[in-house]
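# Understanding the architecture of this molecule
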Amino acid sequence: MTRRGFVTGAGAVAAQGHGHGGGHEHEHQAVPSDLTLRVKALESLLVEKGLVDRAALDALVDTYEHKVGPRNGARVVARAWVDPAYKQRLLTDSTAAIAELGYGGQQGEYMVVVENTPKVHNLVVCTLCSCYPWPVLGLPPVWYKSAPYRSRAVIDPRGVVREFGLELPEDVDVRVWDSTAEIRYLVLPERPAGTEQLSEDRLAALVTRDAMIGVAKVTVPKAGGQR
Amino acid sequence: MTRRGFVTGAGAVAAQGHGHGGGHEHEHQAVPSDLTLRVKALESLLVEKGLVDRAALDALVDTYEHKVGPRNGARVVARAWVDPAYKQRLLTDSTAAIAELGYGGQQGEYMVVVENTPKVHNLVVCTLCSCYPWPVLGLPPVWYKSAPYRSRAVIDPRGVVREFGLELPEDVDVRVWDSTAEIRYLVLPERPAGTEQLSEDRLAALVTRDAMIGVAKVTVPKAGGQR
Amino acid sequence: MNGVHDMGGMHGMGPIQYEKNEPVFHARWEGRVLALTRAIGAWRKWNIDAGRYQIEQIPAADYLRMSYYEKWFTRLVELMVKHGLVTHAEVESGKRAKGSPKATPALTPAMVAPLVSNWKSATGRDVRLAPSFKVGQRVRARNINPPGHTRLPRYARGKLGTIDRDHGVYVFPDTNAQFLGEKPQHVYSVLFAARELWGAEAAPRDSVYLDLWDDYLEPA
Amino acid sequence: MNGVHDMGGMHGMGPIQYEKNEPVFHARWEGRVLALTRAIGAWRKWNIDAGRYQIEQIPAADYLRMSYYEKWFTRLVELMVKHGLVTHAEVESGKRAKGSPKATPALTPAMVAPLVSNWKSATGRDVRLAPSFKVGQRVRARNINPPGHTRLPRYARGKLGTIDRDHGVYVFPDTNAQFLGEKPQHVYSVLFAARELWGAEAAPRDSVYLDLWDDYLEPA
C-alpha cells in the first residue's frame, strides 16, 4: 500500500469522475450510468414540478464550463504585475480590485489576495469542504476537493507542494490559508524573472491555476516566454 | 439520515458479519462468498506450504467458540462478590487473582479490574482498535469493535450507556478506560440487592458480558433470582 | 460535528491524484447536479451552512467513497425532501405527486449571469458590532466539540494564535446551519504557528491561518 | 498516524448496532481468519504493534467499510507478503510457487491451549527502569503527530492529566511497530477530566483514563 505518489495525465482520474477519494487500490464506484439516470430523472421531476427552468440550468452549466475559470484570476495577477497602484489596491481591498476587472459573485464575495515573495509562500486549502474562489478560478479541480490534499495541506504543506514539483527552501515562510469561513483566497504569485518586456496579456497567459492556489510557481517556458 | 438508534435482535446485523461499520443506509459489502473462497484458498496455500497445521487451526476456532468467553469473567466477578479477600486481591493484583481461577493468556496478560460502586461507573473501550480482555470475556462482540461505539464512548459515555438502557445519575462519576496499551480492563459490577442467599454459581449466572464492559448493570430476573 | 469531513491533519488518505488538463465536469450529470443545486438554492429554503451540514451528515464511509458531485446529489435530494420541495416518493418514481402544485422556477435564465458575476447576498452582515478581539491580540481557539455543524476544525481547538486581521461581521455557521439564528459576529484571520498546531516536528517558520468567529475564540 | 482508526471523539458514525445472542463468528471464514492470524503469528515474523499498524494502513474508506475480519484478512496477506512467507502470486493463484521450501508449522495443536490460557510472552519487559513520572503528578500529553504508528490518540494530545497508576515497563509501540527497537519504558494510567478533553459541555464529574508511555508525556 503505497502512501505517496503523484500521477499525471488524463488517465489518472476515472473518466466518470468517481474514485477521487484518495487513490485507493480498491475503487468503490457507484455505477456511473446509475447516476446519469438518477440525475436525469431528478431534473425531469423538478422541471415537471416547475421548480427549475431547464434553460437556466443550461446557462449555469455553460457559465461554469466556458465563462468562469482561472483565466479571470490570471488577468488579475497580470494587472497587479504591471500596475503597482492596482497591486496596492488588490492587496488592501481585494474584492473591490477584482471587481474592477468585472469579476465577482458566488464564492467570491469576500476576497483576500495574499502575495508570494522570495521569503513567503502562500498555499490555499479548505480542510472542511472545498471552498474556492469561483469567480477568479472557476470550479475547483478534483485534487483540490480530495481527501489527500485537504488532509495534508495544513500538516505537511512542504510535502504537498513537493509532490507538485515545488521544493521550498527552509528560509521561506510557508503560510497556509484554511478557508474555514466565507473569505476566499487567491495567491498572487511572484512575477518570473525575464518577463520585463512582456505585455499584460502575455503575462496573463503565463499564470496558471496551480500558481494561484499556491502549489506551483509561475515560470516562463524555455522558448523565450512564448506559448 | 437518523444518527441514533438501538437495534436488538439477531437480524440487526447481517448474518455474514458485514456492514458493521455504522448502520448506514447504504451497505457496501464485499460479497460474502468471495471472502469464503479467498480465505479457503489462503488456508489451503498455507497448509500446502507447511506454514500452518490444520488441526491447530481447528483447535483455535474451537477454543474461541467454546472454551473462552464471558462465563470466565462471570466466575471472577461472582468469586469477588462472595469472597472479600479474593476481591481485595482482584483489585490490587488483577492478573494474579484471575490466574487463580485458571484464566490468562493472550490479550489478558496484564489485567486491571475496576470496581463499580453506587458513585462510580466504569466503562471500557478501545478507541484505536478493539483491545478486549479475551481470557475473561472471549472475543469482543461486533458492536464493541464498531466505529459507533469506539468513537462515542469517550466523548459521550452517558449517551452510549443510555442506548443500552442504562441511565446514570448526575452524581455518579463515569470513568472511561480507553485501552490504548496492553493493559486490559474488566469491570467488577455492583452485586445486585437481594442476592444475599445466592450461591457463587447462581451469582455467576447473573453476570453478563455487557456488565463487565460497563454498558449494563447486573440485575436479578423478576422471578426471584432464578434463571 | 467531529466528522470525517474535518480532515485537516489526517494521514493515510493516499497520494494526491493530479489530472492534467482536467475538464470542468467529468460527465454531463456532474454539471447538471451543480446547476440543479444552484437553481434550487434560489428558492432560499436553506442557507449555505445548512448545505454544508447536510453533506457532513453523509455516513463517514460513504463520504470518503463518494465522488464530489455524488455527495452534492445526495445533499440536494435530502434537503429538498426535508424542506418540502419534493417527496422521497417523487424522487423514487420520478413522477410528480398527483395534485401537487405546479411552481414557477425561482431562477430564470436572465438571473444566471448576475448570480455568478455580481452576487451580493451572502453571509456578510452590514451591522455595527464591536469586535471582541483586536489585531495582534493573542487568542486561544476554544475547545468545543459540538455534535452539530461548526467551522472550527479539530486541529486548531485549544491552540494559541494571533489575530492577523478582522474580516468584519458574518453570520455564525453553528446556529445558522440549524436555522437557530444568524448570530452575526466578527470573523478574524487567526495565525497559528505550525509548531503550535503540530508540535516540534513542524517547520519552525511555517504557519496556518484560519478564519474564525468571535464565539470560537477566547483571550489567551 | 492520524488515521481514521483514531476515532475517539468522532461524531457521525451512526447508531450502535447491538445484536442479541451474537455468535462468536458470523461465518466460518471469520473463525478461520482469526485462527490463521494466530497460527502465522507464531512464526514471530512481526509483533503486535506492526500488526496494528498494518490495519491502520488500510485506506480510510475501506477501513470504515470493511468488516472486522475482512480487515484481519487484508492485514494477514499484506504482512505475510512483506515478511516473505508467501508471495502475492501465490495468494492470487492459491498455488505454492514451484521450488519454494516446505516448512513445518510453527504452531502445533498442542500449543493452542497454553496460547490462550497461559501465554507469557507479550509486551511487558522485566527491566529496571526509573519512571519519569510518579503517581499523582500532573502531566501533559505531548502534541505529536507522527505519520507512523502511535498509541497516543489525537483527542488527548496537548491535554492535562494526572498519573493515576504506574503499570510498569512495556515496549514502545511507535518504534516497535516499525522494527526500530523496543525502547521499553513505563506505561501509566493517566486520568483526564472529561472537561479537559471535550470542553465545558462535558459532564463535570466524568473522566477518561488512557494508558500512556513515558515518551507521550511531559511534566505539566
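Residues numbered from 1 in each chain as written. Chains lettered and ligands numbered in written order. Predicted model: local features only at pLDDT ≥ 70, side-chain atom pairs only at ≥ 80, totals over all residues. Heavy atoms only, no water.

### Section: the overall build of chain C
Quick reminder of the rule: A helix here means a DSSP run of H or I that spans at least four residues, while a strand means a run of E at least two residues long, and both kinds are numbered starting from the N terminus. Type-normalised accessible area, obtained with a 1.4 Å probe on protein chains alone, sets the label of each residue: buried when under 20%, exposed when over 50%, and partly exposed for intermediate values. Contact definition: two residues touch when any of their heavy atoms are within 4.5 Å. For the accessible areas, the method is Shrake-Rupley and the probe is 1.4 Å, while residue cover comes only from the protein chains on display.
Looking only at helices and strands, one finds 8 helices and 6 strands in chain C. Listing the helices and strands of chain C from first to last along the sequence gives β-α-α-α-α-α-α-β-β-α-β-α-β-β. Here the C-alpha coordinates of chain C stretch approximately 60 × 45 × 35 Å along the principal axes. Taking all 220 residues of chain C together, 60% fall into the buried category. Look at the contacts in chain C between residues 6 or more apart in sequence, and 67% of them connect residues 24 or more apart. With the model as given, the accessible surface of chain C reaches about 8,700 Å², and the carbon-plus-sulfur share is 53%.

### Concerning the domain arrangement of chain C
Residue and element names in this part refer to chain C. Defined as follows: Delimitation of the domains relies on an automatic or database domain assignment. The buried area of a pairing is the accessible area, by a 1.4 Å probe, that goes missing from both parts when the two are put together, added over both. A side-chain nitrogen of Lys or Arg and a carboxyl oxygen of Asp or Glu constitute a salt bridge if their distance falls within 4 Å. Under this definition, polar contacts are N or O atom pairs within 3.5 Å; protein pairs additionally need one hydrogen-donor-capable and one acceptor-capable atom, and for neighbouring residues in sequence, both atoms have to be side-chain atoms. All amino acids are sorted into three groups, where Ala, Val, Leu, Ile, Met, Phe, Trp, Tyr, Cys and Pro are nonpolar, Asp, Glu, Lys and Arg are charged, and the leftover types, Gly among them, are polar.
What the domain assignment lists for chain C is domain 1 (28-117) and domain 2 (138-219). Centre-to-centre separation of domain 1 and domain 2, based on C-alpha positions: 29 Å. In this complex, domain 1 contributes 9 residues to the contact, which on the side of domain 2 involves 10 residues. Summed over both sides, the interface between domain 1 and domain 2 buries roughly 740 Å², with carbon and sulfur atoms accounting for 53% of that surface. Ranking the residues of domain 1 by area buried against domain 2 places Asn47, Asp49 and Tyr53 at the top, with a combined share of 62%. Connecting domain 1 to domain 2 are 0 salt bridges. At the junction of domain 1 and domain 2, the tally comes to 3 residue pairs in polar contact (both at pLDDT 80 or more). Residues that form the side of domain 1 that touches domain 2 fall into these classes: 3 nonpolar, 2 polar and 4 charged.

### Section: the interface of chain B and chain D
The cut-off we apply is this: Pairing between two strands is assigned when DSSP locates at least 2 bridges connecting them.
Taken together, the 99 residues of chain B in the interface contact 95 residues of chain D. Around 8,700 Å² of area is buried between chain B and chain D when both sides are counted, 59% of it from carbon and sulfur atoms. Taken as a group, Lys49, Leu51 and Leu128 of chain B account for 8% of the area that chain B buries against chain D, more than any other trio of residues on that side. There are 6 salt bridges connecting chain B and chain D. The shortest N-O distance in the salt bridge between arginine 205 of chain D and aspartate 173 of chain B comes to 2.7 Å. Inspection of the chain B/chain D interface yields 31 residue pairs in polar contact (both at pLDDT 80 or more). With 11 residues, the single largest contributor to the side of chain B that touches chain D is helix α2 (residues 54-67) of chain B. When the residues that make up the side of chain B that touches chain D are grouped by side-chain class, the tally is 50 nonpolar, 24 polar and 25 charged. Across 4 bridges, the pairing between strand β4 (residues 173-178) of chain B and strand β5 (residues 207-213) of chain D is parallel. Residue valine 176 of chain B lies in a different strand from β5 of chain D, and its bridge partner there is valine 208 of chain D.

### Quick word on the pairing of strand β4 (residues 173-178) of chain A
Regular strands have side chains that alternate between both faces of the sheet. Residues and elements named next belong to chain A. Counting buried positions along β4 gives 5 out of 6 residues, so the element sits mostly inside the fold. Note that strand β3 (residues 120-125) and β4 share 6 bridges and pair parallel. By the bridge assignment, histidine 121 is partnered in β4 with valine 174.

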